[in-house]
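The primary structure of each chain is shown beneath.
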Amino acid sequence: MLKFVKHNLESIAGIEIYPIISLLIFFIFFVGLYTWVYTYKKDKIEELSNLPFSGEDENNTI
């Protein structure tokens, strides 16, 4: 089965650029995500982590 796919891909001109582009997109996305998470403010993370627990009293009154 792989022979059929490999033969078809070899006949396409310029196909070797697509794996390089996909690797660059993957790498840039995760480096950007890592820097965004690393530079996020600690007090904002603490506020967001306590958000599910802040409305317990309001939900129990129903």
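Basis of the calculations
Residues numbered from 1 in each chain as written. Predicted model: local features only at pLDDT ≥ 70, side-chain atom pairs only at ≥ 80, totals over all residues. Heavy atoms only, no water. Phe/Tyr/Trp six-rings, centres within 6.5 Å; stacked < 30°, edge-to-face > 60°. Patch = residues over 30% accessible without salt bridge, like charges linked within 9 Å, V, L, I, M, F, W, Y side chains within 5 Å. Areas by Shrake-Rupley, 256 points an atom, 1.4 Å probe, with all protein chains shown as cover. Salt bridge = Lys/Arg side-chain N within 4 Å of Asp/Glu carboxyl O. Buried < 20%, exposed > 50% of the residue type's maximum accessible area, 1.4 Å probe, protein only. pLDDT = per-residue confidence, 0-100. Helix = DSSP H or I, 4+ residues; strand = E, 2+ residues; numbered from the N terminus.

**Some words on the packing of aromatic side chains**
Tallied over the entire structure, the rule returns 4 aromatic pairs. Clustering of aromatic rings is evident, with ring pairs tying together Phe-26, Phe-29 and Phe-30.

**Re a nonpolar patch on the surface**
Judged by side-chain polarity, Ile-17, Tyr-18, Ile-20, Ile-21, Leu-24, Ile-25, Phe-27, Ile-28 and Val-31 come together as a nonpolar surface patch covering roughly 900 Å² of accessible area. Note on Ile-28: relative accessible area 57%, which makes it exposed.

**Structural notes on the confidence of the model for the protein chain**
Predicted coordinates in areas of low pLDDT are best not read in detail. Across the protein chain, the average pLDDT comes to 83, with 85% of residues at 70 or higher. The secondary-structure element of the protein chain with the lowest mean pLDDT is helix α4 (residues 56-60), recorded at 57, while helix α2 (residues 17-38) shows the highest, at 95.

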